[in-house]
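# Topology and contacts: notes
Single-letter residue listing:
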Amino acid sequence: QVQLVESGGGLVQAGGSLRLSCAPSKIIFSINRMAWYRQTPGNERELVATITSGGDTNYADSVKGRFTISRDSAKNAVYLQMNTLKPEDTAVYFCNVVATSPNRNYWGRGTQVTVSS
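These remarks concern the structure in this document.

Definitions and limits used
- Residues numbered from 1 in each chain as written.
- Predicted model: local features only at pLDDT ≥ 70, side-chain atom pairs only at ≥ 80, totals over all residues.
- Heavy atoms only, no water.
- Pairing = 2+ DSSP bridges.
- Helix = DSSP H or I, 4+ residues; strand = E, 2+ residues; numbered from the N terminus.
- Axes fitted to C-alpha atoms, helices over the stretch in contact; angles between N-to-C directions.
- Contact = heavy atoms within 4.5 Å.

## Topic: the sheet that holds strand 8 (residues 77–82)
One open sheet accounts for 4 strands, arranged 1-3-8-7; its pairing is antiparallel. Where the open sheet ends on each side, the last strands, each with one partner, are strand 1 (4–7) and strand 7 (67–72). Ignoring which end each strand starts from, the neighbouring axes of this sheet average 15° apart. Here strand 7 runs beside strand 8; their pairing, made up of 6 bridges, is antiparallel. For T68, the partnering residue across the bridge sits in strand 8 and is Q81.

## As for the environment of L18
With respect to the element layout, L18 can be found in strand 3 (residues 18–24). With 66 residues separating them in the primary sequence, L18 and T84 have C-alpha atoms 9.3 Å apart. Other than its neighbours up to four places away in sequence, L18 contacts G8, G10, V12, L80, Q81, M82, L85 and V113.

Written as structure tokens, this is what we have:
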């Protein structure tokens with residue numbers, strides 16, 4: 001069974017940077033989209049950024065200009081470079097991979113990002 005493993009979370013001061021990484025335990029074929037979500041206690045999971053198999057990216061308004069999503073197709077890996085972090089970015093960040101043929105929706109277990117003011 002495929003597992004997504006995230007890394008790179010931690011504690012950082014406001015204005016700082018972190019880079020999240022996510023890679024699967026096994027190769028995933030026919031990836032359609034890779035994404036990062038985040039969630040805070042008592043709230044629904046929020047879409048942060050997506051990148052398609054064609055390389056098109058999309059961002060939540062709250063992170064535009066500060067976060068960059070990228071991928072390494074050879075490794076099936078996806079990254080999230082987070083700059084100019086704010087306390088409101090504090091959340092558990094989850095990696096998500098959507099594949100076709102067959103249809104699969106994979107989730108990581110999450111990595112905590114804490115931004116202190």
